[in-house]
Amino acid sequence: MMSDKIDLLEKEAESAGCHFVCNAELKNYTTFKIGGKTPILIDLDSAEKCVKLIPFAAKNKIPYRIFGRGSNLIVDDRGVDSVIFHIFGGEAALCGENKVSCFAGISLVKACGFALENGLGGLEFAYGIPGSIGGAVYMNAGAYGGEIKDVITSVAAMDKDGSVRYYDSSELDMSYRKSRFTQSDEVVLTAEFTLVKKDKTEIRKKMDELMEKRRTKQPLDFPSAGSTFKRPEGSYASLLIEQSGLKGFSVGGAEVSTKHSGFVINKGNASFDDLMKLISEVKAIVKEKTGYLLECEPEIISDREEYVRCIFSL
């Protein structure tokens, strides 16, 4: 039955002009470089394709998950039975003197570059974050004192039935690594940002400074999903991990980075099980030694419920 539904979806994707890959290896679509197969991965590079394909899957009861650039995901290397809609690509555009509209699939790096080209400042903090606009809005991404909520004006999002709704910034419920979308089944389609006119040289200087900070302080030479744990109230995950003697702690090919203990890295052919065991042990040891219960920042993509549960409880 499922294969018949996948065939239907494949035909729908073809009619919409979508590129797709059957039995796609998800490790090729995540920054951790871990992940097994999906029955089909479909690229969606426009809001129109999202509106056509995602509700089609929902209507036909085809299980699906949404991927952006895979920079905040930990994916089971046994694979998943759900379809992956890969929201990827697209463009940014000016929509006013100091406003920029972006499709959810474009990278933050590209959005920052577009703002620079047009002499618009305010997005510099996001330069170098290896995610998409949709993912950044979804989790209110931030770095170096800036967050998406500081510059966002409005969002167009779609529910699973294909209804599109527009939200202004006051309706987005954004807080630390959260938004209304982390608690709903809506899919971000486009986002509009209000920026400020600024000298291009100053914008470029700030972007270069922040990129240099990333290079010197973060383990960018190894696959990871960025910060592995959210910042707990009153402290920092990296500090608590280091105080607990866990810098360099490893399980199989997964390791707490010796360069930045807030990052768990794929040191070499790490498995999903390696990663899950390491995260679970770090949480348990930090709780025992400091009293803080760390929360995993990346989303866990797995059909094995025991792994999903282990992230949120000891």
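The rules behind each value
Residues numbered from 1 in each chain as written. Predicted model: local features only at pLDDT ≥ 70, side-chain atom pairs only at ≥ 80, totals over all residues. Heavy atoms only, no water. Axes fitted to C-alpha atoms, helices over the stretch in contact; angles between N-to-C directions. Helix = DSSP H or I, 4+ residues; strand = E, 2+ residues; numbered from the N terminus. Parallel < 35°, antiparallel > 145°, perpendicular 65-115°, else oblique. Contact = heavy atoms within 4.5 Å. Patch = residues over 30% accessible without salt bridge, like charges linked within 9 Å, V, L, I, M, F, W, Y side chains within 5 Å. Areas by Shrake-Rupley, 256 points an atom, 1.4 Å probe, with all protein chains shown as cover. Salt bridge = Lys/Arg side-chain N within 4 Å of Asp/Glu carboxyl O. Buried < 20%, exposed > 50% of the residue type's maximum accessible area, 1.4 Å probe, protein only. Polar contact = N/O pair within 3.5 Å; in protein donor to acceptor, adjacent residues only side chain to side chain. Nonpolar A, V, L, I, M, F, W, Y, C, P; charged D, E, K, R; others polar. Disulfide = S-S within 2.5 Å.

### A short note on the packing of helix H1 (residues 2–15) against helix H2 (residues 47–59)
- At a closest axis distance of 10 Å, the pairing of H1 and H2 adopts a crossing angle of 170°. Relative to H2, the element H1 lies roughly antiparallel. For the pair H1 and H2, the contacting residues are Leu 8, Leu 9, Glu 12, Ala 13 and Ser 15 in the first and Lys 52, Leu 53 and Phe 56 in the second.

### Re a nonpolar patch on the surface
- Taken together, the side chains of Val 51, Val 164 and Tyr 166 present a nonpolar region at the surface, about 280 Å² in accessible area.
- Counting through the fold element by element, Tyr 166 comes out in strand E12 (residues 164–168).

### Digging into the environment of Arg 214
- As for its position among the elements, Arg 214 is in helix H5 (residues 200–217).
- We classify Arg 214 as buried; its relative accessible area is 5%.
- Arg 214 sits 157 residues away from Ala 57 along the chain, and the two C-alpha atoms are 39 Å apart.
- Excluding residues within four positions of it along the chain, Arg 214 makes contact with Phe 125, Ala 126, Tyr 127, Gly 128, Ile 129, Ala 143, Tyr 144 and Leu 220.
- Of note is the side chain of Arg 214, whose polar atom sits 3.1 Å from the backbone oxygen of Phe 125.

### Some thoughts on the packing of helix H3 (residues 108–117) against H5
- Here H3 crosses H5 at 155°, and the two axes come no closer than 9 Å. Taken together, the axis directions place H3 and H5 in an arrangement best described as roughly antiparallel. Contacts between H3 and H5 pair Cys 112, Leu 116 and Glu 117 from the former with Lys 200, Ile 203, Arg 204 and Met 207 from the latter.
- Classifying every residue of the contact of H3 with H5 by side-chain character gives 4 nonpolar, no polar and 3 charged.

### Observations regarding the state of the cysteines
- Evaluated as defined, the whole model comprises 0 disulfides.
- No disulfide involves Cys 22; its sulfur sits 13 Å from that of Cys 18, the nearest cysteine.
- Lacking any disulfide linkage, Cys 112 is separated from the closest cysteine sulfur, that of Cys 102, by 9.0 Å.

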